[in-house]
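# Fold and geometry: a report
Here is how the chains run, residue by residue.
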Amino acid sequence: MKTFFRFFNPRALLVVGLGLSALVASAQDLRIGFVNTDRIFREANLAKAAQTKLEQEFSRREKEIQGLAAQLKAASEKFERESPTLPDAQRVARQRQLVEQDRDFQRKQREFQEDLNLRKNEELQSVLERANRVIKQVAESEKYDLVIQEAVYINPKHDITDKVLSGLNGAK
């Protein structure tokens, strides 16, 4: 017991205890809000406009990729039907051609996906920056001490997503 008191002064423990009780008392006055970022990305007019913009921007390339996929599939099916009757040299040449077409298709598809993801991230970042400004305005005007955007569980009474959506959709 003497070693316990040598390391832990009873007065220090009392001060720590009082500090913890003050922290708990002040936590009762703490005002917390939660914003569901997924809902912002789904429901905000700005996010919907960004999605439409991306669809318009990438629709032509997507159709082109789908056309290449259809051509590759048709050529592959034709090769499968005709390969038993083709001479070896012609079969090997067509097989190489199919492999080259597939490689080109895979490359274009990968480039398309990378470009789309890059632009999507840019647009979502823009939406998120605007949302964060609105979140800050709501937090300041309604005197929130803390606003959380990601949580495992949140009591619905702390959800301020609707207020943020109203602010986002009302502001241009």
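For the structure, see preceding data.
This report concerns the structure included in the present document.

Cut-offs and rules
Residues numbered from 1 in each chain as written. Predicted model: local features only at pLDDT ≥ 70, side-chain atom pairs only at ≥ 80, totals over all residues. Heavy atoms only, no water. Helix = DSSP H or I, 4+ residues; strand = E, 2+ residues; numbered from the N terminus. Buried < 20%, exposed > 50% of the residue type's maximum accessible area, 1.4 Å probe, protein only. Contact = heavy atoms within 4.5 Å. Areas by Shrake-Rupley, 256 points an atom, 1.4 Å probe, with all protein chains shown as cover. Expected span 1.5 Å × (residues − 1). 1 Å grid on protein atoms, 1.4 Å probe; cavity = no way out; pocket = protein on both sides within 12 Å on 5 of 7 lines; lining within 4 Å. Points joined across faces, edges and corners; volume = space filled by probe spheres on them. Nonpolar A, V, L, I, M, F, W, Y, C, P; charged D, E, K, R; others polar. Core = buried A, V, L, I, M, F, W, Y, C linked by side-chain atoms within 4.5 Å.

## Describing the overall build of the protein chain
Regarding its fold elements, the protein chain presents six helices and two strands. Reading the helices (α) and strands (β) of the protein chain from amino to carboxyl end gives α-α-β-α-α-α-β-α. Looking at the protein chain as a whole, 20% of its 172 residues qualify as buried. Considering only intrachain contacts with a sequence separation of at least 6, the fraction spanning at least 24 residues in the protein chain is 80%. Total accessible area computed for the protein chain in this model is approximately 12800 Å², and 54% of it derives from carbon and sulfur atoms.

## A closer look at helix α5 (residues 88-141)
With 54 residues, α5 should cover 80 Å at 1.5 Å per step; its first-to-last C-alpha distance of 78 Å lies within 8% of that length. Three or more residues of α5 are buried, namely R94, L98, F105, F112, R119, E123, V127, A131, V134, I135, V138 and A139. Close packing links the buried residues of α5 with α3 (37-43), α4 (45-82), β2 (146-148) and α6 (161-170). At the exit of α5 stands K143, carrying a positive phi of roughly 60°.

## A few points about empty space enclosed by the protein
Under the counting rule described, the total for this entry stands at one cavity of 30 Å³ or more. Taken together, V35, T37, I40, L128, A131, I135 and Q149 make up the lining of the largest cavity. Looking at the lining of the largest cavity, the elements with two or more residues in it are α3 and α5. For the lining of the largest cavity, the element with the most residues is α5, which contributes three residues. Residues that form the lining of the largest cavity fall into these classes: five nonpolar, two polar and no charged.

## Let's talk about unusual backbone geometry
At K143, a position not held by glycine, the phi torsion is positive, near 60°. The residue K143 is located in the loop between α5 and β2 in this model. For K143, a relative accessible area of 62% corresponds to the exposed category.

## Some details on the environment of I148
Inspection of the secondary structure puts I148 in strand β2. With 13 residues separating them along the chain, I148 and I135 place their C-alpha atoms 10.0 Å apart. Ignoring any residue separated from it by four or fewer positions in sequence, one finds I148 in contact with I32, G33, F34 and V35.

## Looking at the nonpolar core
Ranked by internal contacts, the top residues of the largest apolar core, which has 15 residues, are V35, I40, A44, V134, I160, V164 and L168. Among the secondary structure elements, those contributing two or more residues to this core are α5 and α6. Counting eight residues, the second largest nonpolar core, distinct from the first, contains L54, L72, F79 and F112.

Take it as geometry only, folks, not as evidence of what the structure does.
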